[in-house]
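Breakdown of the fold
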Amino acid sequence: MPEESTPARQIIEAEIRAKGPITFARFMEIALYGEHGYYTALVNAGVDYATSPQMHPAFGSLIAGYLFKAWQALGEPATFDVVELGAGDGGLALDVLDAVESGQSVSDQVDRFGEALRYHAFDLRPRGSVRRIDELSELGSIVGCVISNELLDAFPAHIFTVRGGEVLECFVGIGGDSELAFVEGDVSSNEIVNRVGEYASVLPEGYRGEVNLDIETWANSLAGLLKSGYVLTIDYGYERDTLYHPVRREGSLRCYRDHVLGQNPFRDVGLQDMTAHVDFTAVREELREVGLREVSPLLTQRDFLFGLGIGDYIRQVRRELVKSVAEIEVHGLTSELRRLNSLVDSRGLGDFRVSQFGVNAPSIEISDLEFAP
Ligand SMILES: C[S@@+](CC[C@H](N)C(=O)[O-])C[C@H]1O[C@@H](n2cnc3c(N)ncnc32)[C@H](O)[C@@H]1O
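Conventions adopted
Residues numbered from 1 in each chain as written. Predicted model: local features only at pLDDT ≥ 70, side-chain atom pairs only at ≥ 80, totals over all residues. Heavy atoms only, no water. Phe/Tyr/Trp six-rings, centres within 6.5 Å; stacked < 30°, edge-to-face > 60°. Helix = DSSP H or I, 4+ residues; strand = E, 2+ residues; numbered from the N terminus. Buried < 20%, exposed > 50% of the residue type's maximum accessible area, 1.4 Å probe, protein only. Near = heavy atom within 4 Å. Polar contact = N/O pair within 3.5 Å; in protein donor to acceptor, adjacent residues only side chain to side chain. Areas by Shrake-Rupley, 256 points an atom, 1.4 Å probe, with all protein chains shown as cover. Nonpolar A, V, L, I, M, F, W, Y, C, P; charged D, E, K, R; others polar. Core = buried A, V, L, I, M, F, W, Y, C linked by side-chain atoms within 4.5 Å. Domains from an automatic or database assignment. Contact = heavy atoms within 4.5 Å. Buried area = accessible area lost by both parts, 1.4 Å probe. Salt bridge = Lys/Arg side-chain N within 4 Å of Asp/Glu carboxyl O. Lys, Arg positive; Asp, Glu negative; His and termini not counted. Axes fitted to C-alpha atoms, helices over the stretch in contact; angles between N-to-C directions. Parallel < 35°, antiparallel > 145°, perpendicular 65-115°, else oblique. Pairing = 2+ DSSP bridges. Disulfide = S-S within 2.5 Å. 1 Å grid on protein atoms, 1.4 Å probe; cavity = no way out; pocket = protein on both sides within 12 Å on 5 of 7 lines; lining within 4 Å. Points joined across faces, edges and corners; volume = space filled by probe spheres on them.

Notes on the packing of aromatic side chains
A full pass over the atoms with the stated rule returns 15 aromatic pairs. Here the aromatic rings of Phe24 and Phe27 are separated by 5.1 Å at their centres, their planes lie at 35 degrees, and the arrangement is tilted. Taken together, the residues Phe24 and Phe27, both in helix H2 (residues 24-33) and 3 residues apart, mark about one turn of the helix. Accessibility expressed as a relative area gives 0% for Phe24, which makes it buried. In this structure an aromatic cluster arises from ring pairing among Phe24, Phe27, Phe182 and Phe266.

Written out as structure tokens, the structure is:
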């Protein structure tokens, strides 16, 4: 059945007709961020999937706890700037600020942290009170923390394939049936081969995977931004050896519409979200390149959140559940427990990776982290 035409698809087809096949990164850029792209049109943006901040406000409270530790590790500066990139509708920002505000008067130190904290939320396609990414340069350089949740997986990615032990690129063209289709050719950038060339001889014929070259641009933008502080990055993904593995022979590209997972990027172009798992080895290489140092091993979100105390939240809800008798209350608490548990579910959000880098900043003490059983 022919795929439904959409405004984003028409723009893509016109570009292919004018210039020939385009990279998948260009396709993804138009489909997500172009004039009629998924995040530009803002009709569905953010409702087709549930990210951690959307799952439960405890995520934001725990991030607030992390930021407090970061502020302490930096010597409790009078101004502590937090820059959130890819903040979407600003949900995480609200939860962090709520948690800090509700912690006021608990101790002098928490009060001083609240006074020092300046939270700046930016996005390429902002919603609500989030600011446009172009305004980031107005901040100058900061002492604080740059955080992101599910930003890197939303960057446009190139797709490669393996043919006869060589790396080729999968471009998007128009097939004989007038449908969008992959067309293989020489890579558009040698950086693709630099990233994945060493796997070409071990990956099966026809293996397909994604390469995210925008990680370099993102890392470069952080270099000038942080005078001292941390970069906390949370996302789907793996170290490179695990990411480019024969078990994932179709790659990690995922499409989401109405909470339904799909794998056909050429359907509902501009109406569905698309993501590709993050190569955390590339994150490390690019951040080191710009002078940042890894201040913790790569953690799973499950271990990170247990380390920050999610166990207390889960135990508290369980205690309330045992005591509650009214049906409506039991229902609400059961739902809350399910949402909290999903943040640390190893088959879902709990399997996300958390990377922590720093510049002119000591390691954040994680020895007191309560690791998940
Ligand atoms: C999957 S959403 C995550 C939103 C939010 N962080 C959350 O966890 O709910 C990815 C967000 O990254 C934004 N984004 C993509 N590329 C960006 C860039 N280069 N700079 C800033 N934001 C970007 C998108 O517009 C989108 O809002």
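Regarding the site of the ligand
Taken together, 17 residues sit near the ligand, with Tyr33, Thr51, Gly86, Asp123 and Asn149 positioned nearest. Within the backbone of Gly86, a nitrogen or oxygen atom sits 2.7 Å from a nitrogen atom of the ligand. Out of a free accessible area of 590 Å², the ligand has 91% covered by protein chains. Taken together, the residues of the shell around the ligand break down into 9 nonpolar, 4 polar and 4 charged.

Remarks on the nonpolar core
The tendency in soluble globular proteins is for nonpolar side chains to be buried side by side. Core analysis: the largest hydrophobic core is formed by 53 residues, its most contacted members being Ile63, Leu67, Phe80 and Phe304. Per-element tally for this core: the top contributor is helix H5 (residues 58-73), with 10 residues. Structurally, this core is a two-domain feature, drawing no fewer than three residues from each of domain 1 (7-301 + 350-359) and domain 2 (302-349). Non-local contacts of Leu67, meaning those with residues more than four positions away in its chain, are made with Phe80, Val82, Val96, Phe113, Cys145 and Ile147. Listed in part, the 25 residues of the second largest apolar core include Phe27, Tyr33, Tyr39 and Leu180.

With respect to the domain arrangement of the protein chain
The domain boundaries assigned to the protein chain delineate domain 1 (7-301 + 350-359) and domain 2 (302-349). When each unit is reduced to the centre of its C-alpha atoms, the spacing between domain 1 and domain 2 is 27 Å. The partner domain 2 presents 18 residues to the 22 residues of domain 1 that form the contact. The contact between domain 1 and domain 2 buries some 1700 Å² in all, and 69% of this surface belongs to carbon and sulfur atoms. Considering only the side of domain 1, the residues that lose the most area to domain 2 are Met55, His56 and Leu62, jointly responsible for 37% of the buried surface there. Put simply, domain 1 and domain 2 have 0 salt bridges between them. On the surface where domain 1 and domain 2 come into contact, there are 15 residue pairs in polar contact (both at pLDDT 80 or more).

With respect to the side chain of Asp95
Of note, Asp95 is situated in helix H6 (residues 91-102). Arg339 is the oppositely charged side chain nearest to the buried, salt-bridge-free Asp95, at an N-O distance of 9.1 Å. In contact with Asp95, other than residues within four places in its own chain, are Pro53, Pro57, Gly60 and Ser61.

Things to note about H2
Most of H2 is tucked away, with 8 of its 10 residues classed as buried. Along H2, the residues classified as buried are Phe24, Ala25, Phe27, Met28, Ile30, Ala31, Leu32 and Tyr33.

Some points on the packing of H5 against helix H12 (residues 301-308)
The packing of two helices is summarised by the inter-axis angle and the distance between the axes. Contact pair H5 / H12: the axes reach a minimum separation of 9 Å and the direction vectors enclose 70 degrees. Comparing their axes, H12 and H5 come out roughly perpendicular. Contacts from Phe59, Leu62, Ile63, Tyr66 and Lys69 in H5 reach Gln301, Phe304, Leu305 and Leu308 in H12. When grouped by side-chain class, the residues that make up the contact of H5 with H12 number 7 nonpolar, 1 polar and 1 charged.

Section: the pairing of strand E10 (residues 226-235)
With 9 of 10 residues buried, E10 lies mostly within the body of the structure. In this sheet, E10 lies alongside strand E5 (residues 142-149) in parallel orientation, the contact comprising 8 bridges. Within the sheet, the bridge partner assigned to Gly144 lies in E10 and is Gly229. By the bridge criterion, 7 bridges tie E10 to strand E18 (residues 353-359) in an arrangement that is antiparallel. Across the sheet, residue Thr233 finds its bridge partner in E18, namely Ser355.

Observations concerning the state of the cysteines
Inspection of the entire model under this criterion finds 0 disulfides. With no disulfide of its own, Cys255 lies closest to Cys170 among cysteine sulfurs, the gap being 15 Å. Given the relative accessible area of 1%, Cys255 is considered buried.

A short note on the pattern of salt bridges
The final tally for this structure, using the stated rule, is 21 salt bridges. Among the ionic pairs, Glu184 bridges to Arg163, the shortest N-O distance being 2.8 Å. Of this pair, Glu184 sits in strand E8 (residues 180-185) while Arg163 is found in strand E6 (residues 158-163), placing the two residues 21 residues apart along the sequence. Two residues, Arg288 and Glu294, come together in a salt bridge whose shortest N-O distance is 3.7 Å. Arg288 gets classed as exposed once you look at its relative accessible area, which sits at 51%.

A few points about empty space enclosed by the protein
What the rule picks out here adds up to 2 cavities of 30 Å³ or more. Volume-wise, the largest cavity comes out at about 50 Å³. In terms of lining residues, the largest cavity is bounded by Leu152, Asp153, Phe155, Ala157, Glu210, Val211, Asn212, Leu243, Tyr244, Ala276, His277 and Asp279. Class assignment for the residues of the lining of the largest cavity results in 7 nonpolar, 2 polar and 3 charged.

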